[in-house]
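# An overview of the molecular structure
Below are the chains, spelled out letter by letter.
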Amino acid sequence: AQSVTQPDIHITVSEGASLELRCNYSYGATPYLFWYVQSPGQGLQLLLKYFSGDTLVQGIKGFEAEFKRSQSSFNLRKPSVHWSDAAEYFCAVGVIRSGGGADGLTFGKGTHLIIQP
Amino acid sequence: EADIYQTPRYLVIGTGKKITLECSQTMGHDKMYWYQQDPGMELHLIHYSYGVNSTEKGDLSSESTVSRIRTEHFPLTLESARPSHTSQYLCASSEYKNEQFFGPGTRLTVL
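Below is a summary of the structure that appears in this document. (Residues numbered from 1 in each chain as written. Chains lettered and ligands numbered in written order. Predicted model: local features only at pLDDT ≥ 70, side-chain atom pairs only at ≥ 80, totals over all residues. Heavy atoms only, no water.)

### With respect to the layout of surface pockets
If you roll a probe as big as a water molecule over the atoms, it shows you where there is empty space left. Its boundaries defined by the atoms lining it, the largest pocket holds a volume of some 320 Å³. Every residue lining the largest pocket is counted, 21 residues in all, and those nearest its centre are Leu44, Gln45 and Leu46 of chain A together with Asp3 and Phe102 of chain B. When its residues are assigned to classes, the lining of the largest pocket shows 11 nonpolar, 7 polar and 3 charged. In this structure, the second largest pocket is lined by 15 residues; those nearest its centre are Gln38, Pro40 and Glu88 of chain A together with Gln37 and Gly40 of chain B. (1 Å grid on protein atoms, 1.4 Å probe; cavity = no way out; pocket = protein on both sides within 12 Å on 5 of 7 lines; lining within 4 Å. Points joined across faces, edges and corners; volume = space filled by probe spheres on them. Nonpolar A, V, L, I, M, F, W, Y, C, P; charged D, E, K, R; others polar.)

### Quick notes on the nonpolar core
All names here are of chain A. Among the nonpolar cores identified, the biggest contains 27 residues, and Leu19, Trp35, Leu47, Leu48, Phe74, Leu76 and Tyr89 are the most heavily contacted of them. The element that contributes the greatest number of residues to this core is strand β10 (residues 87-94), accounting for 4 residues. Setting aside anything within four residues of it in sequence, one finds Leu48 in contact with Leu33, Phe34, Trp35, Val57, Gln58, Gly59, Phe63, Glu64, Ala65, Phe74 and Leu76. (Core = buried A, V, L, I, M, F, W, Y, C linked by side-chain atoms within 4.5 Å. Buried < 20%, exposed > 50% of the residue type's maximum accessible area, 1.4 Å probe, protein only. Helix = DSSP H or I, 4+ residues; strand = E, 2+ residues; numbered from the N terminus. Contact = heavy atoms within 4.5 Å.)

### What about the packing of aromatic side chains?
Applying the stated criterion to the full structure yields 16 aromatic pairs over all chains. Between Phe34 of chain A and Phe51 of chain A, the ring centres sit 6.0 Å apart and the planes meet at 75 degrees, which makes this aromatic pair edge-to-face. Taken as a pair, Phe34 of chain A in strand β5 (residues 32-38) and Phe51 of chain A in the loop between β6 (44-50) and β7 (56-58) lie far apart in primary sequence, 17 residues in all. Phe51 of chain A matches Phe34 of chain A in its accessibility class, with the two residues each being buried. Seen in terms of ring centroids, Phe51 of chain A and Tyr96 of chain B are 5.8 Å apart; in terms of plane orientation they differ by 85 degrees. Their pairing is edge-to-face. With Phe51 of chain A in the loop between β6 and β7 and Tyr96 of chain B in the loop between β9 (87-94) and β10 (100-102), this residue pair bridges two chains. (Phe/Tyr/Trp six-rings, centres within 6.5 Å; stacked < 30°, edge-to-face > 60°.)

Structure, rendered in structure tokens:
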């Protein structure tokens, strides 16, 4: 079965500094990959997605992510964070399961981003 | 504007009550999903539907049930709420390659 690991539970970054959130997945083939952001008490907003092709994908709010097949990673980056970026970030894997079963998303446990002034 | 809606946003209810969490989407998506999220934790799939009259259980066992009579509606029902059902419930829809769009969630507290 597929799995997603986000090794950092909490990350603290100063406003204006760069950011990298790590995500590793386990799956037998190339899955669909997603990053979502969740503000307190809210639903999830899609930041960016990777299906195929160019391994560097651009998303909303100035975020980007790079798919590295050799490392089974899909790390999220932003060159300069803003206080409004403080939130919970989830990496997710989407797979199409042959022989039945849901093609729902498998999520990591999330990384809580704290922005220092 | 195409969107996905959930009501109520917050619900506090006593043990033993029957509750229905509403989810509707105006995007015309065939696939819909329910996830359960405990505070500070990841989301777990509890139900999904590929279209009208299609419902299946997800990866995480849940005592809730769902129905899909209309494409745009995917309500979740708990026949007898218990404190162990306290959680956030998120509804999502999808049309293409698992790209899922989420509603704002319902935060359920069972006393």
